[in-house]
Amino acid sequence: MSMSQEEIEALMNGSIPDMPDMSEDLSEESIEDISIEDSNDDDDINDILAGIEGIVDDDVDTSMDEENFEDILASIDDITVDDIEDEESVETKNQSDKYPLPVENENKVVNQLNEVAADSEQKASQIFDVLSFILDENNEIQNYNKQMSEFIESQIELLDSLSTKFPNINIFTENKEEAKKLVETSKELSSKVDGENNKVFEAMELMQYHDINRQKIERVMAVIRKLNSYLNGIFEDDSNGPEVQVAKHISGDDHDTVDADDIESLINEFSEQ
Amino acid sequence: MRILIVDDSSTMRRIIGNVVQQLGVAKEDFDEAEDGVVAWKLFKDNNNYDVVLTDWNMPNMNGLELVKTIRGVDKTVPIVMITTEGGKGEVITALKAGVNNYIVKPFSAEILKEKLDGLVKG
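Residues numbered from 1 in each chain as written. Chains lettered and ligands numbered in written order. Predicted model: local features only at pLDDT ≥ 70, side-chain atom pairs only at ≥ 80, totals over all residues.

## Some words on the interface of chain B and chain A
Across the boundary between the two partners, chain B contributes 20 residues, which contact 20 residues of chain A. For the side of chain B that touches chain A, the secondary-structure elements that each account for two or more residues are helix H1 (10-22), helix H4 (88-97), strand E5 (101-104) and helix H5 (109-121) of chain B. The element contributing the most residues to the side of chain B that touches chain A is H1(B), with 6 residues. Here the residues of the side of chain B that touches chain A are counted per class, giving 8 nonpolar, 9 polar and 3 charged. (Contact = placed C-beta atoms within 7 Å. Helix = DSSP H or I, 4+ residues; strand = E, 2+ residues; numbered from the N terminus. Nonpolar A, V, L, I, M, F, W, Y, C, P; charged D, E, K, R; others polar.)

## Concerning the environment of B:Leu119
All names here are of chain B. The topology assignment puts Leu119 in helix H5. Judged by C-beta crowding, with 17 C-beta atoms within 10 Å, Leu119 ranks as partly exposed. The spatial distance from the C-alpha of Leu119 to the C-alpha of Val80 is 9.2 Å, given a sequence separation of 39 residues. Setting aside chain neighbours within four positions, we find Leu119 in contact with Val51, Pro78, Asn100 and Asn101. (Buried ≥ 20, exposed ≤ 12 C-beta atoms within 10 Å, placed from the backbone.)

## Thoughts on the packing of helix H5 (residues 109-165) of chain A against helix H7 (residues 208-234) of chain A
All names here are of chain A. Relative to each other, H5 and H7 sit at 170 degrees, their axes nearing to 10 Å. In terms of their interaxial angle, H5 and H7 are classed as roughly antiparallel. Residues Val109, Val110, Leu113, Asn114, Val116, Ala117, Ser120, Glu121 and Ala124 of H5 form the contact with H7, whose own contacting residues are His210, Arg214, Ile217, Glu218, Val220, Met221, Ile224 and Arg225. (Axes fitted to C-alpha atoms, helices over the stretch in contact; angles between N-to-C directions. Parallel < 35°, antiparallel > 145°, perpendicular 65-115°, else oblique.)

## A word on the environment of B:Glu28
All names here are of chain B. In this structure, Glu28 sits in the loop between H1 and strand E2 (30-33). The class for Glu28 is exposed, based on 7 C-beta atoms found within 10 Å. In this structure the C-alpha to C-alpha distance between Glu28 and Ile3, which are 25 residues apart in sequence, comes to 9.7 Å.

## A word on the nonpolar core
It is characteristic of soluble globular proteins that their nonpolar side chains tend to be buried jointly. Residue and element names in this part refer to chain B. In terms of nonpolar packing, the biggest core is built from 37 residues, with Ile3, Leu4, Val6, Ile16, Val52, Leu53 and Val80 touching the most fellow members. Looking at this core element by element, the count peaks at 5 residues for H1. Each residue touching Val52, except ones within four places of it in the same chain, is listed here: Leu4, Val6, Ile70, Val77 and Ile79. (Core = buried A, V, L, I, M, F, W, Y, C linked by C-beta atoms within 7 Å.)

## As for the packing of helix H2 (residues 36-46) of chain B against helix H3 (residues 63-73) of chain B
All names here are of chain B. Contact pair H2 / H3: the axes reach a minimum separation of 9 Å and the direction vectors enclose 20 degrees. Classified by the angle between their axes, H2 and H3 sit roughly parallel to one another. Like other packed secondary-structure pairs, H2 and H3 cross with a definite hand, here right-handed. On the side of H2, the interface is formed by Gly36, Ala39, Trp40 and Phe43, while H3 contributes Gly63, Glu65, Leu66, Thr69 and Ile70. Partitioned by chemical class, the residues of the contact of H2 with H3 number 5 nonpolar, 3 polar and 1 charged. (Left-handed = near helix turned anticlockwise from the far one by under 90°.)

## Some thoughts on the pairing of strand E4 (residues 79-83) of chain B
Remark: a regular strand shows side chains that alternate across the two faces of the sheet. All names here are of chain B. Where burial is concerned, most of E4 is hidden: 5 out of the 5 residues are buried. Every second residue of E4 is oriented toward a common face, with Ile79, Met81 and Thr83 on one face and Val80 and Ile82 on the other, all of them buried. Sheet topology note: the strand E3 (residues 51-54)/E4 ladder contains 3 bridges and is parallel. Bridge assignment links Val52 to a residue of E4, and that residue is Ile79. (Pairing = 2+ DSSP bridges.)

## Thoughts on H3(B)
Side chains that are three or four residues apart share a direction in an α-helix, a result of its 3.6 residues per turn. Residues and elements named next belong to chain B. Taken as a whole, H3 has its buried residues at Gly63, Leu64, Leu66, Val67 and Ile70. Within H3, the buried residues cover an arc of 155 degrees as seen down the axis, which keeps them to one side. Exposed residues on H3 whose side chains face more than 90 degrees from its buried face are Gly72 and Val73. On the buried face of H3, the contacting elements are strand E1 (3-6), H2, E3, E4 and H4. (Arc of directions from axis to C-beta.)

## Regarding helix H8 (residues 260-272) of chain A
Spanning 13 residues, H8(A) covers 18 Å between terminal C-alpha atoms, matching the ideal 18 Å at 1.5 Å per step. Across the 13 residues that make up H8(A), only a small minority, 0, are buried. (Expected span 1.5 Å × (residues − 1).)

## A few points about the sheet that holds E2(B)
One key point about sheets: their strands pair by backbone hydrogen bonds, in either a parallel or an antiparallel sense. All names here are of chain B. Here 5 strands make up an open sheet; going across it, the order is E2-E1-E3-E4-E5 and the pairing parallel. Only two strands of the sheet have a single neighbouring strand rather than two, namely E2 and E5. Between one strand axis and the next, the sheet turns by 15 degrees as a mean value, whatever way the strands run. Both E4 and E5 contribute to a ladder of 4 bridges, which runs parallel.

## A short note on unusual backbone geometry
All names here are of chain B. Along the chain, Lys105 connects to Pro106 via a cis peptide bond; the corresponding omega equals 0 degrees. Take Pro106: it is sitting in the loop between E5 and H5. Backbone geometry at Asn47 places phi at a positive 50 degrees, although glycine is not the residue there. Turning to its location among the elements, Asn47 is positioned in the loop between H2 and E3. Of the residues examined, Asn47 has 10 C-beta atoms within 10 Å and is grouped as exposed. One non-glycine residue, Asn60, lies in the positive phi region at around 65 degrees. Positionally, Asn60 belongs in the loop between E3 and H3.

This is the structure in structure tokens:
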């Protein structure tokens, strides 16, 4: 079980806290609650559907018989059900040809996982570049904003002294008020950029999960390697005996075996020839 | 403050570097190493680090071996282990090997700042 930061702190301070039993977290009761809620959800969805348009599953006409279906297909493209069945059987055959995959480097599971981990590391680095770029740009924006704000502050001072000196000229007072509003806008902009920076830092922190997930992949790879070595060991034949030819069909097999009658009829067939 | 960041994940090194920079450490004041072998070479050659932040699971030489190797020549430099290894046994093993503090990934920037502050002040 993994330790929390608090537990590590406690350990550093010399006291080892009691570790809670995680199995208590998932009681049968809570699992039952979840399944009851799920079934309620399904009922609710049916009720809502029925309530809105009067649609009930039973209303849908699924009684199209095979003959009609065949007629429709034939009228469209001269396709018959047999054609579709043929295609399906070809697809199934292709699938069965594909698996198990041949033992080639690109199909080896550990190689594939290794590739996923490496690719993911590369992409994570690129995402980090983008986040770093946003942070740098935001810093630039903050610098420009600061310069603007400083200039506006100096203009406010100027307009303040002008409006005091020439109280009858309204434009000075009006512009001073406008400039004060701009200073507020600048502060708001600065706080929005700060907020955005915090979100970028948050995203950078979350990118630690890339490393954690990579290590989980590496753990799976280690299990596969150990399993491979174990299976190779347990199936290894160190008797050095000659390879014995094995029987292809043995009585009791499900397919391709013949009984006494089959044998008789085969013998008769051959004798007639 | 000179810091040595050791992690085989380049993303993790950048994340840690970012936090360190937020603390006011300039980019040229921290070095990065992708495994214990490179880290040990940097440590030997420079011998001027104020803090070492190291991962545990790395190729060539892991973090625990690095800690033991450093402790063989330097008993004082603060070392923080930053790792996904969150088991009690691992924490105890790392402490016995000579780490001053231990952080389990994923961690918040605040935690690392707190620990570094503690080490620098302490």
